[in-house]
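Structural features, examined
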Amino acid sequence: MNYLLKMLRKTTVTFLLPLICFIVLANTHLLNKYQVEEQKKEHWVDSVFNAMSPEQRLGQLFMIAAYSNGKESDYQDIDKLVRDYNLGGLIFMQGGPMRQAALTNRYQSLAKIPLLISMDAEWGLSMRLDSTLQFPRQMTLGAIQNDDLIFKMGKEMANQCKRMGVHISFSPAVDVNSNPMNPVIGIRSFGENKEKVAAKGSAYMRGLQANGVIAVAKHFPGHGDTDADSHLSLPEIKHSKKRIDEIELYPFKRLIKDSVAGVMVAHIHVPAFDDDENKASSLSKEVVKKLLIDKLDYTGLVFTDALNMKGVSKFYKPGEIEVMALKAGNDVLLFSENVPLAIESIKKAIENDDLEQKDVDAKVRKILGAKYWAKLHEYKPIDLHNLYKDLYPHSAVALRHQLFEKAITVVKNETGLLPIKHQDTLKLASIAFGVGKDNEFQHILSKYAHFEHYHYAEHAHFTQEQLSIQAEKLAGKTVIISIHGMNNTPSKGYGVTHEIQQLAQKLQEKSNVIVVVMGNAYALKYFEDIKHVICTYENNDVTRKSVPQVIFGAMKAEGKLPVSPTIILKEGMGYNISPLNKLQYSIPERVGMNSRTLNKIDTIVGKAIKNKVMPGCKILVAREGKVIFERNYGTLNYDTLAPVTDSTIYDIASISKVVGTLQCIMFLKEQGLIHIDSTASTYLPELKGTNKQYITLREALTHTAGLQAFIEHFKKTTTSAGKLNDEYYCNEKDSSNFTLSVTNHLFAIHTLPDSMWKWSINSELIHKQKAGDTSCYPYRYSDISFYILKRVAEKVLQQPISEFLAHHYYQPLGMYQTTYNPLDHNYPAHHIAPTEYDGTFRKQVIRGTVHDPGAAMMGGVAGHAGVFSTTRDLAILMQMHLQNGNYGGYIYLRPETVVEFTKASYTNCRRGLGWDKPQFGGSSPTSDFCSFDTFGHTGFTGTCAWADPKYNLQFIFLSNRTFPNSENKKLITQNIRTRIQDEIYRSMTELQLITEE
């Protein structure tokens, strides 16, 4: 405003006069539009009101309960009440969306005046309906620091309500929960801080009303500091008027100021305002009329809480309750137990001047005005077509995910252990209570590090001896204790047993302990002395996935405690945990992708497996650093029922070139230890004087060095009859001579790689082609080039590339399922997909040793092949490159290095330096939707890994299409990988992205 005033002072009168005129005219237009709409409303209200008899008008005061999971006789009872008593509305309780929508249409068709349909939808439709989207409860929202997200949530909830024909949501609860023992509010409150409750309640309310649903603030004058449940008895608020005004009423005053359309009055006894014994506030004129309406100047709809609750029904009879509620100042009678009796009682009260007709008429007119605002003057039945689909819009699904993520609170982090950076150097264990073996929480933990997992389906009871044994067994380790299956009952310890508390304390004596409370924040009181504590407030698919990511720095944590579990663990506490640029695990909608489109991949793969394109495969898709599609398909081979799982490792064939040798070359180039335009003979003197003397590293990397595609070296080691030559091979390992594993039971002489190197040096080059005035070698994809590059790398590094890669890349990156020769590193054979029955060279099934014959003859570690990996591990490496060499808080490569190697090197060759790229205008290994910035590689066994910087997107596909025979080329001829990649790009629809703040 100050800036605007300064600008106006500097502006000339010539400009100001037209501007002022424009503003006046615009405001006049808006005012006229509002006045016209008000006139239309009044006209409709008058016409409907005047068309009703006095008795029919009384029916408008009632909203009764309806259930969509009841019996036909129940539905007929409501039919009669709607038809015969002209009910004002219904409050739907338990059931399902399609059933409720059909019943709503049925009841609306019987109503002379369209019904106001309402629900308790504090955390969305799911509070009452199955098969619907569950948003966070209000205590969870209380931990979120960005109220704009809560406003957006309100808007999404309103859209879903409207799709279900619901006009009123009895939310938000704006009770200030200052009593930890409160049995009825608790997690239904935003917290104990009145300002935050008010701000979040207002955001929620404004979101609902912005999209056309009446919000109802409850439970007036404040139900937060009670120790009884008004469903069962009459709670009492014993505070003074001053305290109630300062605390309990504070949020209500804020929402009234912000134009909340409805307020619900609670069944609580408040002696400070009305000391009549057993007089609930909902029946008190002192509370409703004098305090809410007169003092707080509230003009919206006033609803009673449910009149069948024991807080009122215990003390007053049906009929009597309704009259008292109207006399107190309420407009809408909710959940009346006997509508016919209540109407008769109201009529008698009017006749006896106990109620004034004009007051009752004013209430009816107010209700009709609300119906007009809800557009019931334009009523249309609910369209049942696509109902379920419409209740899961992309924006709502994505927002729900974000809300739960933003609430996660790192309550304690005393030693700074979180986030865990050096997962490769720690011994890690986890103990999960309240879940089974294959639980999501531990599953996600294992994506970031090696874990020793324990689980207890029940909240186990331990003897002291068992506690000591467990603590001793895990001594020296970092232990994550997660507590699932909790409850919200203080008297039951929220589901935290004494033994769990003892175990955490015992473990902390000799271990690093992280306790994760997957439920009620008040349960944190049991872990006040634990040094590292996280609270999620709820236990669901999002929180189970998110906490492991917070622990390992893939996701940031910024939630703050909305309540004070103890005098030490206070409201507002919470560490901000910054992310370390690691891969996250999320959903497509969080990154602007369409789940339904991605699900088409299932069909493509299903048909491919049925047609024996491959026995099975693994697919991963990530965007914006988030894995949003990760699935396993089929089996390890055609003769087994063993499924492909997260643990399945594949021989990635030529992808080894870029995730193995190339990483060494990039590192050496960056360190200035090699130069890309130098000849290979600069580093390998044995090439001097040969036809490979002048080959540069750049030419080798781009496959333009004139080298043959491959050389069948194994033929030099077999007899004319095709048998293995005893000079080169032995069936038993010999520590002095036959040391190289060719297969599990076949070993090569240790000098064989040197022989192969000589044969490679002596190989012929391909013919040059004429290009203008000069001739040069054409692009020819070659394995031999990476024989040379590996040799250069090992010569300069002075160590095997397998060792360098493990220590410099794979282990620190967390690629703990990536290795050469997996059988030598204790990977079980049943976790490794077989690649082929080799009937030419090794005469056996190849499983756990490299498929490529040349690489096998080198002992499994070659420049062009030999790496075994998973989709997850490859995604980590590709993401590191998409992030310009940065991952997990460490810099592995400089940005300029990544750019130099991944861009196209020549105009007449699609290749980058080592990396493959799309081919436009010709046969391409990628989808035509890829950007030209895309880089990656394919592998002979049926694999590919592609990263597209333009869209921050990657696609990993691993299969063993070569099993049982590498002549099976259906994967290529049917274009399976490219078709899958096409669907990935098609899924990037114009969804509105919900971005990180």
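Because the structure is a prediction, the values reported are computed rather than measured. (Residues numbered from 1 in each chain as written. Predicted model: local features only at pLDDT ≥ 70, side-chain atom pairs only at ≥ 80, totals over all residues. Heavy atoms only, no water.)

With that settled, consider the overall build of the protein. Tallying secondary structure elements over the protein gives 33 helices and 32 strands in all. Along the three orthogonal principal directions, the C-alpha set of the protein runs to about 120 × 80 × 65 Å. Each of the 997 residues in the protein was classed as buried or not, and the buried ones make up 59%. The long-range share in the protein, meaning contacts at least 24 apart out of those at least 6 apart in sequence, stands at 72%. Within the structure as shown, the protein displays about 40300 Å² of accessible surface, and the carbon and sulfur contribution to it stands at 51%. Each charge class in the protein can be summarised by its mean position, and for the 113 positive and 105 negative side chains these summaries are 4 Å apart. (Helix = DSSP H or I, 4+ residues; strand = E, 2+ residues; numbered from the N terminus. Buried < 20%, exposed > 50% of the residue type's maximum accessible area, 1.4 Å probe, protein only. Contact = heavy atoms within 4.5 Å. Areas by Shrake-Rupley, 256 points an atom, 1.4 Å probe, with all protein chains shown as cover. Lys, Arg positive; Asp, Glu negative; His and termini not counted. Charge placed at Lys NZ, Arg CZ, Asp CG, Glu CD.)

Turning to the environment of Asp 147, a few remarks are in order. As for its placement among the helices and strands, Asp 147 is situated in helix α7 (residues 147–163). When the C-alpha atoms of Asp 147 and Ala 199 are compared, they prove to be 7.4 Å apart, with 52 residues separating the residues in sequence. Leaving out residues up to four positions away in the same chain, Asp 147 has contacts with Ala 199, Lys 200 and Ala 203.

Right, let's get into the packing of aromatic side chains. Summed over all chains, the structure comprises 20 aromatic pairs. Relative to Phe 252, the ring of Phe 220 lies with its centre 5.1 Å away and its plane at 85°, an arrangement referred to as edge-to-face. Here Phe 220 is found in strand β5 (residues 214–220), whereas its partner Phe 252 is found in helix α10 (residues 250–257), with 32 residues between them in sequence. For the residue pair Phe 220 and Phe 252, the accessibility class agrees, reading buried in each case. Each ring, one from Phe 714 and one from Phe 841, has its centre 5.1 Å from the other, and the planes form 35°; the classification is tilted. In this pair, Phe 714 sits in the loop between α25 (697–702) and β19 (729–730) while Phe 841 sits in the loop between β25 (836–838) and β26 (844–846), placing the two residues 127 residues apart along the sequence. Grouping residues by exposure puts Phe 714 and Phe 841 together as buried. What links up through ring pairs into an aromatic cluster is the set Phe 714, Tyr 728, Tyr 729, Trp 759 and Phe 841. Between the NZ or CZ atom of Lys 612 and the centre of the ring of Tyr 638, over which it lies, the distance is 5.2 Å. (Phe/Tyr/Trp six-rings, centres within 6.5 Å; stacked < 30°, edge-to-face > 60°. Lys NZ or Arg CZ within 6 Å of the ring centre and 35° of its normal.)

Before going further, it helps to examine the sheet that holds strand β14 (residues 532–535). Pairing is mixed in the open sheet, where six strands are placed in the order β9-β14-β13-β12-β10-β11. Looking at strand neighbours, the two that pair on one side only are β9 (409–413) and β11 (452–456), the edges of this open sheet. Strand-to-strand twist in this sheet, taken as the mean axis angle between neighbours without regard to direction, amounts to 15°. The pairing of β9 with β14 spans four bridges and is antiparallel. Across the sheet, Lys 412 pairs through a bridge with Val 533, a residue of β14. (Pairing = 2+ DSSP bridges. Axes fitted to C-alpha atoms, helices over the stretch in contact; angles between N-to-C directions.)

Turning our eyes to something else, we now look at the pairing of strand β10 (residues 428–433). The buried fraction of β10 amounts to six of the six residues, a majority that puts the element mostly inside the structure. Of the strand pairs in this sheet, β10 and strand β12 (residues 478–483) are connected by six bridges, and their pairing is parallel. Following the sheet pairing, Ala 429 is matched in β12 by Val 479. With five bridges joining them, β10 and β11 adopt parallel strand pairing. Bridging from a neighbouring strand, Ile 431 pairs with Tyr 454 of β11. Handedness of the crossover is the feature at issue here: the chain leaves β10, passes through helix α18 (residues 440–445), returns alongside β11, and the resulting connection is right-handed. (Right-handed = clockwise from strand over helix to strand, strands pointing away.)

Where α7 meets helix α8 (residues 194–210), the closest approach of the two axes is 7 Å, and the angle between their N-to-C directions is 35°. In this structure, α7 crosses over α8, and the sense of that crossing is right-handed. Only Ala 199, Lys 200, Ala 203, Tyr 204, Arg 206, Gly 207, Leu 208 and Ala 210 of α8 make contact with α7, whose side of the interface consists of Asp 147, Ile 150, Phe 151, Met 153, Gly 154, Lys 155, Met 157 and Ala 158. Partitioning the contact of α7 with α8 into residue classes produces 10 nonpolar, two polar and four charged. (Left-handed = near helix turned anticlockwise from the far one by under 90°. Nonpolar A, V, L, I, M, F, W, Y, C, P; charged D, E, K, R; others polar.)

Turning our eyes to something else, we now look at the pairing of strand β30 (residues 935–939). Within β30, four of the five residues are buried, which leaves it mostly tucked inside the rest of the structure. Pairing of β30 with strand β31 (residues 943–948) involves five bridges; the strand directions are antiparallel. Bridge pairing in β31 places Thr 938 opposite Cys 944.

Let us look at the pattern of salt bridges. Within this structure, the stated rule accounts for 57 salt bridges. Its salt-bridge partner being Glu 472, residue Lys 510 comes within 2.9 Å of it at the nearest N-O pair. On the criterion of sequence distance, the pair formed by Lys 510 in the loop between α20 (498–508) and β13 (512–517) and Glu 472 in helix α19 (residues 464–473) is long-range, its members being 38 residues apart. When its relative accessible area of 49% is taken as the criterion, Lys 510 is described as partly exposed. One salt bridge connects Glu 967 with Lys 969, and the closest N-O pair in it is separated by 3.7 Å. (Salt bridge = Lys/Arg side-chain N within 4 Å of Asp/Glu carboxyl O.)

For an α-helix the count is 3.6 residues per turn, leaving residues at separations of three or four pointing the same way. Within the sequence span of helix α23 (residues 600–610), burial applies to Ile 601, Ile 604, Val 605 and Ala 608. What you see down the axis of α23 is that its buried residues fit within an arc of 90°, all on one side. Turned more than 90 degrees off the buried face of α23, the exposed positions are Lys 607 and Lys 610. Residues of α23 that are buried make contact with α22 (595–598), β16 (616–623), β17 (626–634) and α33 (976–986). Lys 612 lies just past α23 and shows a positive phi near 60°. (Arc of directions from axis to C-beta.)

Pro 251, Phe 252, Leu 255 and Ile 256 are the residues of α10 that are buried. End-on, the buried residues of α10 take up no more than an arc of 135°, which puts them together on one face. Structurally, α10 contributes buried residues whose contacts are with α8, β5 and α11 (285–295). One or two positions beyond α10, positive phi appears at Ser 259, with a value near 75°.

Take the nonpolar core next. Leu 90 and Phe 527 are the most contacted members of the largest nonpolar core, which totals 162 residues. Once residues lying within four places of it in the same chain are set aside, the contact partners of Leu 90 are Met 63, Ile 64, Ala 66, Ile 78, Tyr 107, Leu 115, Leu 116, Ile 117 and Ser 118. If you look at the next biggest cluster of nonpolar residues, it comprises 118 residues, including Met 666, Leu 707, Phe 804 and Met 878. (Core = buried A, V, L, I, M, F, W, Y, C linked by side-chain atoms within 4.5 Å.)

Taken together, three strands build an open sheet; the order of strands is β19-β21-β20 and the sheet is antiparallel. Each having just a single partner strand, β19 and β20 (738–743) make up the two edges of the open sheet. Bridge count for β20 against strand β21 (residues 746–749) is four bridges, and the pairing is antiparallel. By the bridge assignment, Phe 738 is partnered in β21 with Ile 749.

Per-residue confidence for the protein gives a mean pLDDT of 92; residues scoring 70 or more make up 95%. Note that residues 990–997 has pLDDT below 50 and, in this model, 23 contacts with residues that lie over four places away or in other chains. (pLDDT = per-residue confidence, 0-100.)

Here we come to unusual backbone geometry. Cis geometry is adopted by the peptide bond preceding His 219, which originates at Lys 218 and carries an omega value of 5°. Mapped onto the elements of the fold, His 219 is located in strand β5. Each neighbour pair has its own omega, and for Phe 963 with Pro 964 the value is 0°, a cis peptide bond. Within the secondary structure, Pro 964 is located in the loop between β32 (953–959) and α32 (970–973). A positive phi angle, close to 55°, is found at Asp 297, a residue other than glycine.

This part is about the packing of α19 against α20. Relative to each other, α19 and α20 sit at 40°, their axes nearing to 9 Å. In terms of their interaxial angle, α19 and α20 are classed as oblique. Note that α19 runs across α20; the crossing there is right-handed. Together, Gln 464, Leu 467, Ser 468, Gln 470 and Ala 471 of α19 and Glu 499, Gln 502, Leu 503, Lys 506 and Leu 507 of α20 make up the contact between the two elements. When its residues are assigned to classes, the contact of α19 with α20 shows four nonpolar, four polar and two charged. (Parallel < 35°, antiparallel > 145°, perpendicular 65-115°, else oblique.)

Mapped onto the elements, Lys 473 comes out in helix α19. Counting along the chain gives 34 residues from Lys 473 to Leu 507, while the straight-line C-alpha distance between them is 9.5 Å.

What follows deals with the side chain of Asn 179. Positionally, Asn 179 belongs in the loop between β4 (168–169) and α8. On the basis of relative accessibility, which here comes to 13%, the residue Asn 179 falls in the buried class. A polar contact is formed between the side chain of Asn 179 and the backbone nitrogen of Met 181, at a distance of 2.9 Å. Within polar-contact distance, the side chain of Asn 179 engages the side chain of Asp 225 at 3.3 Å. If sequence neighbours within four positions are ignored, Asn 179 has contacts with Gly 224, Asp 225, Thr 226, Asp 227 and Tyr 522. (Polar contact = N/O pair within 3.5 Å; in protein donor to acceptor, adjacent residues only side chain to side chain.)

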